[in-house]
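# Inside the fold
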There are 2 protein chains.
Amino acid sequence: MHFIQKLQEIQRRNESLLCVGLDVDPALTPSHIKSSSNPVLLFNRRVIDATSDLVCAYKLNLAFYEALGDQGWHILRQTLSHIPRSIITIGDGKRGDIGNTAERYAKALYNDLGFDAATVNPYMGRDSVQPFTRSESHCAFVLILTSNEGSSDFQRITLGGRPFYEKVLQAAVSWNAKKNIGLVVGATHPEELQPIRKLAPDMPILIPGIGKQGGDLESAVRYGCNKKGELAIINASRSVIYASGGKDFASAARKEATRLRNQILAYQEQYFA
Amino acid sequence: MHFIQKLQEIQRRNESLLCVGLDVDPALTPSHIKSSSNPVLLFNRRVIDATSDLVCAYKLNLAFYEALGDQGWHILRQTLSHIPRSIITIGDGKRGDIGNTAERYAKALYNDLGFDAATVNPYMGRDSVQPFTRSESHCAFVLILTSNEGSSDFQRITLGGRPFYEKVLQAAVSWNAKKNIGLVVGATHPEELQPIRKLAPDMPILIPGIGKQGGDLESAVRYGCNKKGELAIINASRSVIYASGGKDFASAARKEATRLRNQILAYQEQYFA
């Protein structure tokens, strides 16, 4: 199945543009499960069970798993295997390297671990992104404008009066022959999301930065969606999975995911009804 | 010890600017060791034993280890533990992410695995690089101009008549308060190495692209070194470790490493005597 079709189906079935980021931090694992044989994996499974009818995607930030040491890759794999197949999985590693190396990263993420999509860094150009787009069932989300402060260091440098990231966006659009390239645009840049969506009317846009990072949810929905009010993937990580640090962590995650999903639905109603 | 000091000491002791890239490919493992319990690790150990007096550094491309699945991180760690402490180790993952994520990557590479240095992607700006430069014993090698074809897509875009990568270079120089930032400049761009070295007279420059990628070794030495003929780190991967696919793979790797190291020494003699 084409990635876009899978994304649309789950966004419609779960009536949700919400993506939950499983950015696990062993230091924040609730104390009552710390004595289990694999607390991080147990935590993820409980969060997935509590939220999988409320999301369109899960995003797994690879850094958080690499930081777990030798067990990290195994926990990543076991977590992925617990996610229902109908839900999009995004390997958030922002990889980018020369062709033969990018092939390895793509193989590891898509073939070995089974992710549907990956985030990629565009700095090394077309041949560093291509290996992530070989199959139309996989999507490469290209970093355009990120949610951090440092995004102004290079992404916003002006080039003939236009920001550099627009050049990257135009390139990503031009590489999109199989319609399986997406964009990453931080929710902390609401005023820039609208012109980006105009230049890429049909591409999925992954929007991190909601929640702890303080991004603007209303703008993310209003300007991040396509004309049908779809194809934005709005990510919240810590604000959902660590909504409570106690025994009720799973139900607290569900509550916060429900709140975000319903808030998104309300904005969809408002702007796309 | 400061990273630069460690680098200078080993470059002088081994009289070598050569870095060997341990880009392991199970498909290329010599057949006579395939039946051992951990062929990839055995291969790496034999290559390290055969070359460690000829190099200043080993570069481990993380993609090749991630592609090994659950065992990858363990093999990475075991390989690192076999490298003599005096030799620089570079975790080549080209990571780059928002602050709290970059912290995880840095922790995984420096604290958990014990790398001396890491390659980082600058697209997300200063706060994505900073976590890799907290300790002066660690060095962050910032991608400036890479050896692949796609490097012209963005890195060479002109900005007020100057290439974009020069902007990145100026930023890297400005971030270098602790003198522990390095640069990555592909050997496939000899004509651009000289002006880059001029703008960064004292920074280590990691130069991949020698060997299979066809980069120019003479220019790498001539223009990549500082005024003392040092601080260039010239990487060759496949041409050394897969010099032979047979039983003599380790001695063939030694022979090719010796050839490269001596060729580099000859150019150092020629241009810096």
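Keep in mind that what you see is a predicted model, and the values were worked out from it rather than measured.

What follows deals with the sheet that holds strand E2 (residues 57–61) of chain B. All names here are of chain B. The strand order E1-E2-E3-E4-E5-E8-E9-E10 describes a closed barrel built from 8 strands, whose pairing is parallel. Strand-to-strand twist of the sheet, defined as the mean angle between neighbouring strand axes without regard to direction, takes the value 30 degrees. Pairing geometry for E2 and strand E3 (residues 88–95), over 5 bridges, is parallel. Across the sheet, the residue bridging to Lys-59 is Ile-90, located in E3.

Before going further, it helps to spend a moment on the packing of helix H2 (residues 39–51) of chain B against helix H12 (residues 249–272) of chain B. Residues and elements named next belong to chain B. One way to put it is that H2 packs onto H12 with a least axis distance of 8 Å and a crossing angle of 40 degrees. It follows that H2 is oblique to H12 by the angle criterion. Relative to H12, the crossing made by H2 is right-handed. Only Ala-250, Ser-251, Ala-253, Arg-254 and Ala-257 of H12 make contact with H2, whose side of the interface consists of Arg-46, Val-47, Ala-50 and Thr-51.

Time to look at the relation of the copies chain A and chain B. Screw-axis analysis of chain A against chain B gives a translation of 0.0 Å along the axis, an RMSD of 0.0 Å, and a rotation angle of 180 degrees. This pairing of chains is accounted for by a two-fold axis. An overlap of 100% is found between the interface residues of chain A and their copies at the interface of chain B, pointing to a shared contact surface.

Averaged over chain A, the pLDDT score is 96; the fraction of residues at 70 or greater is 99%. For this predicted complex, the interface score ipTM comes out at 0.95, alongside a pTM of 0.97.

Next up on the list: the interface of chain A and chain B. With 45 residues of chain A at the interface, the matching set in chain B holds 45 residues. Those elements that place two or more of their residues in the side of chain A that touches chain B are helix H3 (62–66), helix H4 (72–82), helix H5 (99–112), helix H6 (126–129), helix H7 (151–154) and helix H8 (164–174) of chain A. At 7 residues, H5 of chain A tops the list of elements feeding residues into the side of chain A that touches chain B. Grouping the constituent residues of the side of chain A that touches chain B by class yields 16 nonpolar, 16 polar and 13 charged.

Residues and elements named next belong to chain A. Counting buried positions over the 5 residues of strand E10 (residues 232–236) gives 5, a clear majority of the element. Side-chain alternation along E10 places Ala-232, Ile-234 and Ala-236 on one buried face and Ile-233 and Asn-235 on a second face that is also buried. Strand direction decides the pairing type here: strand E1 (residues 18–21) and E10, joined by 3 bridges, are parallel. Among the inter-strand pairings, Leu-18 is bridged to a residue of E10, identified as Ile-234. Two elements, strand E9 (residues 205–207) and E10, share 3 bridges in a ladder whose sense is parallel. Paired with Ile-207 across the two strands is Ile-234, which belongs to E10.

Another point: the nonpolar core. Among the nonpolar cores identified, the biggest contains 194 residues, and Leu-183 of chain A together with Val-142 and Leu-183 of chain B are the most heavily contacted of them. Those residues within four positions of Leu-183 of chain B in sequence are excluded, and the remaining contacts are Phe-141, Val-142, Ile-144, Leu-169, Ala-172, Ile-196, Ala-200, Met-203 and Ile-205 of chain B.

With that settled, consider the sheet that holds E10 of chain A. Residues and elements named next belong to chain A. Pairing within the closed barrel is parallel, and its 8 strands lie in the order E1-E2-E3-E4-E5-E8-E9-E10. When strand polarity is set aside, the average angle formed by the axes of neighbouring strands in this sheet is 30 degrees. Set on the sheet, helix H10 (residues 217–224) makes contact with E9 and E10; between it and E10 the angle comes to about 160 degrees.

Okay, the packing of helix H2 (residues 39–51) of chain A against H4 of chain A next. Residue and element names in this part refer to chain A. At a minimum axis distance of 10 Å, the contact between H2 and H4 shows a crossing angle of 20 degrees. In terms of orientation, H2 lies roughly parallel with respect to H4. Relative to H4, the crossing made by H2 is right-handed. Every residue of H4 that contacts H2 at Val-40, Leu-41, Asn-44, Arg-45 and Ile-48 is listed here: Ile-75, Gln-78, Thr-79 and His-82. Across the contact of H2 with H4, the residue classes tally to 4 nonpolar, 4 polar and 1 charged.

Scoring rules and cut-offs
- Residues numbered from 1 in each chain as written.
- Chains lettered and ligands numbered in written order.
- Predicted model: local features only at pLDDT ≥ 70, side-chain atom pairs only at ≥ 80, totals over all residues.
- Pairing = 2+ DSSP bridges.
- Helix = DSSP H or I, 4+ residues; strand = E, 2+ residues; numbered from the N terminus.
- Axes fitted to C-alpha atoms, helices over the stretch in contact; angles between N-to-C directions.
- Parallel < 35°, antiparallel > 145°, perpendicular 65-115°, else oblique.
- Left-handed = near helix turned anticlockwise from the far one by under 90°.
- Contact = placed C-beta atoms within 7 Å.
- Least-squares fit on C-alpha atoms with pLDDT ≥ 70 in both.
- pLDDT = per-residue confidence, 0-100.
- Nonpolar A, V, L, I, M, F, W, Y, C, P; charged D, E, K, R; others polar.
- Buried ≥ 20, exposed ≤ 12 C-beta atoms within 10 Å, placed from the backbone.
- Core = buried A, V, L, I, M, F, W, Y, C linked by C-beta atoms within 7 Å.

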